[in-house]
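Remarks on the overall topology
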Amino acid sequence: MNIADTMAGRDLDALRAAIAGQVFIPGEAGYDQARQGWNLAVDTRPAIVVEAGSAADVAQAVRHARAHGMRIAPPGTGHGAEPLEPLDGAMLLRTTRMRKVRIDPATHTARAEAGATWQDVTDPAAEHGLAGLAGSSPTVGVAGYTLGGGLGWLARRYGLAANSVTAAEVVTPGGDLARADASHESDLFWAIRGGGVGVLTALEMRLYSVGELYAGNLFLPIGRAAEVLHAWREWTDTVPDEVTSLAHLVRFPPLPELPEPLRGRAFIVIEAACLSDTGTGAELTGPLRRLGPERDTCAMIPAAALGQLNMDPPEPGPSHGDGAFLAGFPAAAIDALVAAAGPDADTPLSSVEVRHLGGALTRPVPGGGAQPSIDASYLLFAVGATPTPDLVSAVRAQAQAVKHALAPWHASHDSYNFKQTPAPANAVLPPASYHRLQQIKAAYDPDQVIISAHPVRPIRS
Ligand SMILES: Cc1cc2nc3c(=O)[nH]c(=O)nc-3n(C[C@H](O)[C@H](O)[C@H](O)COP(=O)(O)OP(=O)(O)OC[C@H]3O[C@@H](n4cnc5c(N)ncnc54)[C@H](O)[C@@H]3O)c2cc1C
């Protein structure tokens, strides 16, 4: 449906005049670029794209959408666009221009506008010896990552990023600006972290005193995957909450821009971040380093450099991935993973990782959101690049095959952020949270105007 068919040109002009940002409709120069997010495999064709420049722009755009009977998808970077439903007839309300970040070193807090990426936060926070609960990639948006939980390199010590949010500035589906925190609009504050009950315009979060930490990667040939995975798994039972780590089966493409020792080769990599000094870090990682990695990058690094550890792609590209929380990762699960994605597997997946959870992630936080804690011990995520139609089907099939191979160890629900296939929120949140979310959704968004990564069906009871 073309917006020009449904919205009088006058109204479109009025919207354009009223906002500092930009508006694009199909056929206009800039529309294709504006609708495109990080994952180039996602090809949505919304009726209108609004690139908001401010919270007031967001409110104007929401009111216009409502007046014209359009639903609203509020993504930022588009890293998490894969599970979204088709956006035909909808407004894509992007916040990518809203990237202001303010660090308050006195209160150890940050305020980030909804379009900020993690790099926008980690760099200025580091100037004060502070760190937020960023994930593996500095290009991921603070908003989507945090509203979906947010599992980062400090997760076992400080928990989910969502549970370090102290306030959220939101435009409600009615087009009103609201500030939600523990004592104002507390239902909205709880539900925005998982519920798709409004458009976030900014959030405030706690920062932590982390200047440097001991972190790095141990690269071993993928032929040793079984031995290394068993050793890592046993090691994870012994480490304190200060250590967050993952085991990563990586297949590097033969690209000239990659360092020669990695180019075209496959590895089992252990990545670890230890909130410690060098001596303690070396001691903690000792059992793994004694496996004799051919490349060992462990050292004291600035917290802002954690974004390089997982070797996530620095530029947009087409990809597909999927993940699952695991209740456990015993020897039989390791063997199943090695069979599905290890040295002998003929797989197009470039990366299959298992992250160690536990620690602070298992402890519900007062004032936390719809994901109070994570009742799972590990997280599986498998991903591959999909530049051609053949690879789309091959990568999809293999990601599901890996996930299926570990089905006996799946936890009761999937991970909100790592579930990259369409699924309702009850598939990625604890059951009790989902029921409360349905009630709050009914109060704030009974007509399901807001399209979110994992939708919530409103219910009155
Ligand atoms: C390379 C890479 C690395 C990753 N690493 C991690 C990791 O370490 N830990 C982790 O937990 N996750 C990780 N993820 C998953 C990531 O957190 C999710 O894909 C998340 O949804 C991305 O948020 P975004 O804002 O960048 O994406 P977007 O696609 O812009 O947003 C995703 C969803 O978030 C919601 N949303 C975003 N902005 C708003 C807003 N302003 N108002 C209301 N809702 C909004 C919407 O439902 C939207 O559909 C990674 C993803 C990638 C691609």
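Residues numbered from 1 in each chain as written. Predicted model: local features only at pLDDT ≥ 70, side-chain atom pairs only at ≥ 80, totals over all residues. Heavy atoms only, no water.

This next bit is on the sheet that holds strand S1 (residues 22-24). What the four strands build is an open sheet, ordered S1-S2-S4-S3; its pairing is mixed. Pairing within the sheet leaves two strands with one partner each, and these edge strands are S1 and strand S3 (72-73). As paired strands, strand S2 (residues 48-51) and strand S4 (residues 91-94) are joined by four bridges and run parallel to one another. Bridge pairing in S4 places Ile-48 opposite Met-91. Against the sheet, helix H2 (residues 9-18) makes contact with S1 and S2, and its axis sits at roughly 150° relative to S1, the strand it touches most. Where helix H4 (residues 55-67) meets the sheet, it contacts S2, S3 and S4, and its direction lies at approximately 175° from that of S4. (Pairing = 2+ DSSP bridges. Helix = DSSP H or I, 4+ residues; strand = E, 2+ residues; numbered from the N terminus. Contact = heavy atoms within 4.5 Å. Axes fitted to C-alpha atoms, helices over the stretch in contact; angles between N-to-C directions.)

Our next topic: the environment of Gln-448. In this fold, Gln-448 is placed in the segment after helix H13 (431-444). Under the relative-accessibility criterion, Gln-448 is labelled partly exposed at 28%. Sequence separation between Gln-448 and Ala-17 is 431 residues, and the spatial gap between their C-alpha atoms is 28 Å. In contact with Gln-448, not counting residues within four places along its chain, are Arg-71, Lys-441, Val-456, Arg-457 and Pro-458. (Buried < 20%, exposed > 50% of the residue type's maximum accessible area, 1.4 Å probe, protein only.)

In spatial order, the strands read S5-S6-S9-S7-S8; together these five strands make up an open sheet with antiparallel pairing. Strands at the two margins of the open sheet, each flanked by one partner only, are strand S5 (101-104) and strand S8 (177-181). Pairs of neighbouring strands in the sheet enclose a mean axial angle of 15°, with direction left out of account. Here strand S7 (residues 165-171) pairs with S8 via five bridges, running antiparallel. Its bridge partner being in S8, Val-171 is matched across the sheet by Leu-177.

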